[in-house]
Amino acid sequence: MVNMPPSQVQLTSEQRQAILATPGEPIHIEDPETQKVYLLVEEGAFPQLEEAYIRQGLDLARQQIANGQISTATAVEVIAEAKRRSDLAP
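Just so it is clear, the model here is predicted, and its values are computed rather than measured.

**What about the side chain of Gln 15?**
- Checked against the element boundaries, Gln 15 lands in helix α1 (residues 13-21).
- With relative accessibility at 18%, the residue Gln 15 sits in the buried group.
- With residues up to four places along the chain from it excluded, the contact list for Gln 15 reads Gln 10, Ile 29 and Leu 40.

Below is the structure:
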């Protein structure tokens, strides 16, 4: 399967069972060799998932502000920290 184009990758029975068990939800699939986690999402569902993710982040930020959890980090510092964390990821 290494040289197969993405359109030729087939679902495993385990993936199909996960999809049927949680319709409309993304499925987390871990690669045992790299420990990377991938999301299996039904075609056309990504925009809704992206919007939900952004809304969750905004809700969390509102809660943190309401609780007085305010950071003094600049945008440049936040971006640098995000880059540092992504460089540490396996």
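Next comes the rest of the account.
**Concerning a nonpolar patch on the surface**
- A cluster of nonpolar residues, Tyr 53, Ile 54 and Leu 58, forms a patch on the protein surface that exposes about 350 Å² of accessible area.
- You can see Ile 54 is positioned in helix α2 (residues 46-66).

**Some thoughts on the pattern of salt bridges**
- Counted according to the given criterion, the structure contains five salt bridges.
- For Arg 62, the salt bridge goes to Asp 59, with nearest N and O atoms at 2.9 Å. Pair noted here: Arg 62 and Asp 59 are both in helix α2, with a separation of three residues, about one helical turn.
- Residue classification places Arg 62 among the exposed residues on the basis of a relative accessible area of 52%.
- If you follow the salt bridges from partner to partner, you end up with Glu 81, Arg 84 and Arg 85 in one network.

What counts, and where the lines are drawn
- Residues numbered from 1 in each chain as written.
- Predicted model: local features only at pLDDT ≥ 70, side-chain atom pairs only at ≥ 80, totals over all residues.
- Heavy atoms only, no water.
- Helix = DSSP H or I, 4+ residues; strand = E, 2+ residues; numbered from the N terminus.
- Buried < 20%, exposed > 50% of the residue type's maximum accessible area, 1.4 Å probe, protein only.
- Contact = heavy atoms within 4.5 Å.
- Patch = residues over 30% accessible without salt bridge, like charges linked within 9 Å, V, L, I, M, F, W, Y side chains within 5 Å.
- Areas by Shrake-Rupley, 256 points an atom, 1.4 Å probe, with all protein chains shown as cover.
- Salt bridge = Lys/Arg side-chain N within 4 Å of Asp/Glu carboxyl O.

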